[in-house]
Amino acid sequence: MRSFIVILITIITLNVAAQDDEGRLDERIDDVTYEWDLEADKLATYEGLLFVCSNQEYRQKIIGLLNEVHHLDSVLYDVLLKLSRTSSDKEIKKTLKDIKKFEEDYDTKGFIHFMNSECKAAREIEKTAADTRNEVGESSYSGQVYILETELFKYVKHVTQRVDKIRLHVHHLSSHY
């Protein structure tokens, strides 16, 4: 009972500390991760890649969105790290582990590097499109696009799965406490 009260007070205190004009931490995580999911659907296509490569404003929006996801994860991580000292809740430990994995494997710098590499490959595909449109197989225009889109889809899907997993933990924790 004592640990429950300590956890409850800590959550309330940290939620108040983490609040701004946009609302509670769990609500902000919901909003930002939902927005990421919508953008990820666009990003996971070759057309989406071409758009992010050619439109600086959109590229900055995507990077800003990912930065916001990472910022909220960091705030959540700090909150849960403090809670883990007074609680033995397995959900807290799982969430900490998932956030750490997400931050290590899919940080903004890694995302930018991946997207730069994909943009470079897309520019090369488009540069040789006139020569490769009538070819067959993986060296054809459509084959190259398919290969690039498959890589892109996998990467974006992994980021999205991590983001969604953290959101699910937050829902579980907020409904639990």
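Placed above this text is the structure.
So, here's what we can say about the structure. (Residues numbered from 1 in each chain as written. Predicted model: local features only at pLDDT ≥ 70, side-chain atom pairs only at ≥ 80, totals over all residues. Heavy atoms only, no water.)

**Description of the nonpolar core**
In this structure, Trp36 and Leu49 are the most contacted members of the largest nonpolar core, which totals 44 residues. Every element with two or more residues in this core is listed here: α2 (25-43), α3 (46-54), α4 (56-84), α5 (90-105), α6 (108-127) and α8 (141-176). Per-element accounting of this core gives the leading share, eleven residues, to α8. (Core = buried A, V, L, I, M, F, W, Y, C linked by side-chain atoms within 4.5 Å. Buried < 20%, exposed > 50% of the residue type's maximum accessible area, 1.4 Å probe, protein only. Helix = DSSP H or I, 4+ residues; strand = E, 2+ residues; numbered from the N terminus.)

**Some words on the pattern of salt bridges**
One side chain can pair with another of opposite charge once the charged atoms of both are near each other. Under the definition given, this model contains ten salt bridges. Between Arg162 and Asp98 there is a salt bridge, with the nearest N and O atoms lying 3.5 Å from each other. Highlighted residues: Arg162 in helix α8 and Asp98 in helix α5, separated in sequence by 64 residues. Note that Arg167 is salt-bridged to Asp164, the shortest N-O span being 2.8 Å. (Salt bridge = Lys/Arg side-chain N within 4 Å of Asp/Glu carboxyl O.)

**Comments concerning α3**
Along an α-helix, residues three or four positions apart point the same way, because every turn accommodates 3.6 residues. Of the residues making up α3, those classed as buried are Tyr46, Gly48, Leu49, Val52 and Cys53. Projected down its long axis, α3 carries its buried residues within an arc of 155 degrees, all on one side. Within α3, the exposed residues directed more than 90 degrees away from the buried face are Glu47 and Ser54. (Arc of directions from axis to C-beta.)

**Notes on the packing of α3 against α4**
Two numbers describe a pair of packed helices, the interaxial angle and the distance between the axes. Taken N-terminus to C-terminus, the directions of α3 and α4 make an angle of 105 degrees; their axes are 5 Å apart at the nearest point. Regarding the angle of α3 to α4, the classification is roughly perpendicular. Across the interface between the two elements, Phe51, Val52, Cys53 and Ser54 of α3 pack against Gln56, Tyr58, Arg59 and Ile62 of α4. The residue inventory of the contact of α3 with α4, partitioned by class, reads five nonpolar, two polar and one charged. (Axes fitted to C-alpha atoms, helices over the stretch in contact; angles between N-to-C directions. Parallel < 35°, antiparallel > 145°, perpendicular 65-115°, else oblique. Contact = heavy atoms within 4.5 Å. Nonpolar A, V, L, I, M, F, W, Y, C, P; charged D, E, K, R; others polar.)

**Observations concerning the state of the cysteines**
A full pass over the atoms with the stated rule returns one disulfide. Each sulfur of the disulfide joining Cys53 and Cys119 lies 1.9 Å from the other. Taking the sign of the S-S torsion, -90 degrees for the link of Cys53 and Cys119, the bridge is left-handed. With Cys53 in helix α3 and Cys119 in helix α6, the pair connects residues that are 66 residues apart, well separated along the chain. Accessibility assignment for this pair places Cys53 and Cys119 in one class, buried. (Disulfide = S-S within 2.5 Å.)

**Quick look at the side chain of Ser87**
Note on placement: Ser87 falls in the loop between α4 and α5. Taking the relative accessible area as the measure of exposure, Ser87 reaches 11% and is therefore buried. For Ser87, the side chain forms a polar contact with the main-chain nitrogen of Asp89, separated by 3.0 Å. (Polar contact = N/O pair within 3.5 Å; in protein donor to acceptor, adjacent residues only side chain to side chain.)

Just distances and angles here, no functional claims.
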